[in-house]
Amino acid sequence: MQTVEMNKKAIHLLEEWDPFLAGSDAYELEIADVVEELQLLDHPTDLAKRIREIYEHSYAMWIPLEDCMQISYKLLAVKFEAKCIIS
């Protein structure tokens with residue numbers, strides 16, 4: 001799986017994740033930031049914390065870390081699938 005394809009899958013997962021019930025197209029900037037962080041981070045907790053920071057910064061609303069962990073695991077699964085295929 002190419003990086004572009006991995007990013008598309010990650011974007012799709014994040015579009016489906018609607019932590020503030022604002023609609024799937026409400027998070028374009030946050031999704032872009034999370035996909036960028038996905039390139040840098042490999043640990044689920046680190047990614048979950050960054051996801052929470054990104055969304056909370058934009059919306060000034062708190063998200064439970066557990067919710068961010070769930071999406072973090074899904075995103076990292078896509079990333080590691082891509083790494084296995086690329087390698």
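Structural data are supplied above this passage.
Summarised in this report is the structure supplied together with it. What you see is a predicted model, and the numbers here were worked out from it, not measured in a lab.

Procedures and definitions
- Residues numbered from 1 in each chain as written.
- Predicted model: local features only at pLDDT ≥ 70, side-chain atom pairs only at ≥ 80, totals over all residues.
- Heavy atoms only, no water.
- Helix = DSSP H or I, 4+ residues; strand = E, 2+ residues; numbered from the N terminus.
- Expected span 1.5 Å × (residues − 1).
- Buried < 20%, exposed > 50% of the residue type's maximum accessible area, 1.4 Å probe, protein only.
- Arc of directions from axis to C-beta.
- Contact = heavy atoms within 4.5 Å.
- Axes fitted to C-alpha atoms, helices over the stretch in contact; angles between N-to-C directions.
- Parallel < 35°, antiparallel > 145°, perpendicular 65-115°, else oblique.
- Left-handed = near helix turned anticlockwise from the far one by under 90°.
- Nonpolar A, V, L, I, M, F, W, Y, C, P; charged D, E, K, R; others polar.

For the rest of this paragraph, the subject is helix H1 (residues 3-16). When the terminal C-alpha atoms of H1 are compared, their 20 Å separation across 14 residues agrees well with the 20 Å that a helix rising 1.5 Å per residue should span. For H1, the full list of buried residues reads Met 6, Asn 7, Ala 10, Leu 13 and Leu 14. Down the axis of H1, the sector holding all buried residues measures 125°, keeping them to one side. Looking at H1, the residues exposed on the side facing more than 90 degrees away from the buried face are Val 4, Lys 8 and Glu 16.

Further remarks concern the environment of Leu 41. Summarising the element assignment, Leu 41 is placed in the loop between helix H2 (28-40) and helix H3 (44-59). In sequence terms Leu 41 and Gly 23 are 18 residues apart; their C-alpha atoms lie 27 Å from each other. Residues within four places of Leu 41 in sequence aside, it is in contact with Asp 46, Leu 47, Arg 50, Leu 76 and Lys 79.

Moving on to the packing of H1 against H2. Angle between the axes and distance between the axes: these two values describe a pair of packed helices. At a minimum axis distance of 10 Å, the contact between H1 and H2 shows a crossing angle of 130°. Regarding the angle of H1 to H2, the classification is oblique. Here H1 runs over H2; the crossing is right-handed. In this structure, H1 uses Thr 3, Met 6, Asn 7, Ala 10, Ile 11, Leu 14 and Glu 15 to contact H2, whose residues at the interface are Ile 31, Val 34, Val 35, Leu 38 and Gln 39. Among the residues making up the contact of H1 with H2, the classes are represented as eight nonpolar, three polar and one charged.

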